[in-house]
Amino acid sequence: MEDIRVLSKVPFDDVSGSSLRFAVRPVAGGGGPPLLAVDFEPLSQEPSLSSRLAERGSARPIHGVDAVADLIAAPAVVDLPAMALAYAHDVRRTVAGDRITVVGFCSGAPLAAFISAELSASYEVRTHLVQPTWPTEETAVREFMRFRRDMGVRDADPIRFDDLLGDPRGRYLAMADVLRADLEAALGRMRVVNAAVRAMYESLLSRYLAWLAFLTAGSAAPLHQLHKLPADALIRVAVAEEDALDVLPPGWTPPFEFDRYAVGSAELVTHIPFLDALLSWKGEA
């Protein structure tokens, strides 16, 4: 597998010149102001939020951002603002118009907020954060331990990264080394010699590493850089009836307002009034 490279605080040209490519993907065609959905291709059989929006048959063109899929191509830790700058550049290159809606779902919310900030100089931007979660160092370590269990590690002592506190990239590289060793041990236990089977497991590990890289970037995101958002740009935060309201991180300053829907947390992404509100330029169902 490829060595992990660390791209930190690099200008956009350096990112674009690497083997990484941060590109928006067309999801559905149409006229009117485009919508950019920042979500991820689920590991389950459940459809993504962007595909659910497309299924509503909106006349608006829908584009998607899946940073985890983009990071799989060359696993790396890239600062969230650098990622947002790259995606914003691709939006300007490929998406027509002067108005755009940016929707960030779950862990995609931080990246969506930074993309909105970058686009605000060129577009009238409406931003919706849907059941947003902000990654922390603890989030990344918790997922790392879950992946270890997926690799068949049982009753292992939790690996501590005390010497890497405040060094998210160093911690990520250490976690990646452990997971690679876990995979080799698992393949050995299963006596895997078939190249296709090995490739399948390595592909899964690549997604694990990309997800950890994304969480690492989110945990270190400098919220003060969201000052690029216009002061009068009200961000809509969509939550379900049972969701907590402390969903924005400490240090958050952009103005926001909650849209609360009377459905269960797991039902929100299938709730027709919610989907139609996202697809409405004014944010109304």
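Residues numbered from 1 in each chain as written. Predicted model: local features only at pLDDT ≥ 70, side-chain atom pairs only at ≥ 80, totals over all residues. Heavy atoms only, no water.

Enquirer: Please clarify how the overall build of the protein chain should be interpreted in this entry.
Expert: Helix and strand content of the protein chain: nine helices and nine strands. Split into buried and exposed, the 285 residues of the protein chain put 51% on the buried side. Considering only contacts in the protein chain between residues 6 or more positions apart, those separated by 24 or more positions represent 75%. Accessible area for the protein chain stands at about 13,300 Å²; split by element, carbon and sulfur atoms hold 53% of it. (Helix = DSSP H or I, 4+ residues; strand = E, 2+ residues; numbered from the N terminus. Buried < 20%, exposed > 50% of the residue type's maximum accessible area, 1.4 Å probe, protein only. Contact = heavy atoms within 4.5 Å. Areas by Shrake-Rupley, 256 points an atom, 1.4 Å probe, with all protein chains shown as cover.)

Enquirer: Can you help me understand the sheet that holds strand β8 (residues 235-240) in this one?
Expert: Read from one edge of the open sheet, seven strands run β2-β4-β3-β6-β7-β8-β9, paired in mixed fashion. Edge positions in the open sheet fall to β2 (25-28) and β9 (256-261), since each of these has one partner strand only. Between one strand and the next, the sheet's axes are offset by a mean angle of 25°, whatever the strand orientation. Here β2 runs beside strand β4 (residues 62-65); their pairing, made up of three bridges, is antiparallel. In the sheet register, Pro26 faces β4, and the bridge partner there is His63. Packed onto the sheet, helix α5 (residues 109-119) meets β3 (35-38), β4, β6 (99-105) and β7 (124-130) and runs at close to 160° relative to β6. (Pairing = 2+ DSSP bridges. Axes fitted to C-alpha atoms, helices over the stretch in contact; angles between N-to-C directions.)

Enquirer: Just checking my understanding: could you explain the packing of helix α7 (residues 168-189) against helix α8 (residues 195-219) for this structure?
Expert: Two measures define how a pair of helices packs: the angle their axes make with one another and the distance between the axes. Viewed as axis vectors pointing N to C, α7 and α8 meet at an angle of 165°, and their least axial separation amounts to 10 Å. Taken as axis vectors, α7 and α8 run roughly antiparallel relative to one another. Every pair of crossing elements has a handedness; the one defined by α7 and α8 is right-handed. Side by side, α7 and α8 meet where Pro168, Arg169, Arg171, Tyr172, Ala176, Leu179, Arg180, Leu183, Glu184 and Leu187 of the first sit next to Arg198, Tyr201, Glu202, Leu205, Leu209, Leu212, Ala213, Thr216 and Ser219 of the second. Here the residues of the contact of α7 with α8 sort into eleven nonpolar, two polar and six charged. (Parallel < 35°, antiparallel > 145°, perpendicular 65-115°, else oblique. Left-handed = near helix turned anticlockwise from the far one by under 90°. Nonpolar A, V, L, I, M, F, W, Y, C, P; charged D, E, K, R; others polar.)

Enquirer: Honestly, the nonpolar core in this entry has me stumped. Any pointers?
Expert: The nonpolar side chains of a soluble globular protein tend to be buried with one another. Counting 67 residues, the largest nonpolar core has Met83, Tyr87, Leu111, Leu119 and Phe214 as the members making the most contacts within it. When residues no more than four places from it in sequence are discounted, the contact partners of Leu119 are Ala88, Val91, Arg92, Ile100, Val102 and Val125. Ranked by size, the runner-up nonpolar core spans 18 residues in total, among them Leu53, Ile62, Ala240 and Leu268. (Core = buried A, V, L, I, M, F, W, Y, C linked by side-chain atoms within 4.5 Å.)

Enquirer: Honestly, the pattern of salt bridges in this entry has me stumped. Any pointers?
Expert: One pass over the structure, following the stated rule, counts 14 salt bridges. The closest approach of N and O atoms between Glu257 and Arg236, which form a salt bridge, is 3.0 Å. Here Arg236 lies in strand β8 and Glu257 lies in strand β9, a separation of 21 residues in the sequence. Through salt bridges with shared partners, one network takes in Glu184, Arg198 and Glu202. (Salt bridge = Lys/Arg side-chain N within 4 Å of Asp/Glu carboxyl O.)

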